[in-house]
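Structural overview for review
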Amino acid sequence: MEPLSDLPNEEETEPEEIVLFEKEQPGGTIEKIVFSSGGNVDVHDLQILCEKVGWPKRPQTKVEAALKNSYMVASLHLIRQLPDSDGEEQRELIGMARATSDHAFNATIWDVLVDPRYQGQGLGKALVEQMIRALLRRDIGNITLFADAQGIPMNILRIHDFYYIPVSTK
């Protein structure tokens, strides 16, 4: 049997980007919301997003470790291209979720968050849905979602056949 460190690294697969929404604003600015199932999430940007959704501040080293040790990190970015900007884009992190896995059968989705300015538009649902599709493409078939009762609307859980099992905090 090969040592674990010699097995192929599945995390090195090409980042996948999917444009979920694109609109030209008055004045010619093009705005896109893009899902990515690979690449890096800037820890500082993630800390800002966590603050916006009201999550308690977490130590940066632990956030870095959580991202590094995740099987998959998915993100939503708002990309703005201003007219006459020669293709230069402004990127803003507006959503993120991550998954841990045994790299064979099982994965758990954690830390699903969407900027409050973009909540209620189906982006959390799209983030979870695209993440599930990306995990299935990696042949991970048993997918669970860990969230607190306030975190994920029940309709998202029903759509993806997740079961809600309340956990007492007492």
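Worth saying up front: this structure is predicted, and the values here are computed from it rather than measured.

Reading the values: rules and limits
Residues numbered from 1 in each chain as written. Predicted model: local features only at pLDDT ≥ 70, side-chain atom pairs only at ≥ 80, totals over all residues. Heavy atoms only, no water. Helix = DSSP H or I, 4+ residues; strand = E, 2+ residues; numbered from the N terminus. Buried < 20%, exposed > 50% of the residue type's maximum accessible area, 1.4 Å probe, protein only. Contact = heavy atoms within 4.5 Å. Phe/Tyr/Trp six-rings, centres within 6.5 Å; stacked < 30°, edge-to-face > 60°. Lys NZ or Arg CZ within 6 Å of the ring centre and 35° of its normal. Core = buried A, V, L, I, M, F, W, Y, C linked by side-chain atoms within 4.5 Å.

The next subject is the overall build of the protein chain. Each helix and strand in the protein chain was counted, giving four helices and six strands. Walking the protein chain from its N terminus toward its C terminus, one meets helices and strands in the order β-β-α-α-β-β-β-α-β-α. Looking at the protein chain residue by residue over its 170 residues, the buried ones come to 37%. Pairs at least 24 residues apart make up 58% of the contacts formed inside the protein chain by residues separated by at least 6 positions.

With the rule as written, the count across this model stands at one aromatic pair. Geometrically, the ring pair formed by Trp 110 and Phe 146 is tilted, given 4.8 Å between the ring centres and 35 degrees between the ring planes. Of the two residues, Trp 110 is situated in strand β5 (residues 106-114) and Phe 146 in the loop between β6 (142-145) and α4 (154-159); the sequence distance between them amounts to 36 residues. Taking the relative accessible area as the measure of exposure, Trp 110 reaches 27% and is therefore partly exposed. A cation over a ring is seen here: Arg 138 above Tyr 71, with NZ or CZ 5.1 Å from the ring centre.

Before going further, it helps to spend a moment on the environment of Val 114. Here Val 114 shows up in strand β5. With 19 residues separating them in the primary sequence, Val 114 and Gly 95 have C-alpha atoms 4.2 Å apart. In this structure Val 114 touches Leu 49, Val 53, Ile 94, Gly 95, Gln 119, Leu 123 and Gly 124, once residues within four positions along its chain are discounted.

Attention shifts here to the nonpolar core. Generally speaking, nonpolar side chains in soluble globular proteins are found buried as a group. By size, the foremost hydrophobic cluster in this structure holds 25 residues, and its most contacted members are Ile 109, Met 131 and Leu 135. Here the element with the most residues in this core is helix α3 (residues 123-137); it accounts for seven residues. With residues up to four places along the chain from it excluded, the contact list for Ile 109 reads Ala 97, Arg 98, Ala 99, Met 131, Ile 132, Leu 135, Ile 143, Thr 144, Leu 145 and Phe 146. Judged by nonpolar contacts, the second largest core, of eleven residues, contains Val 43, Leu 46, Leu 93 and Met 96.

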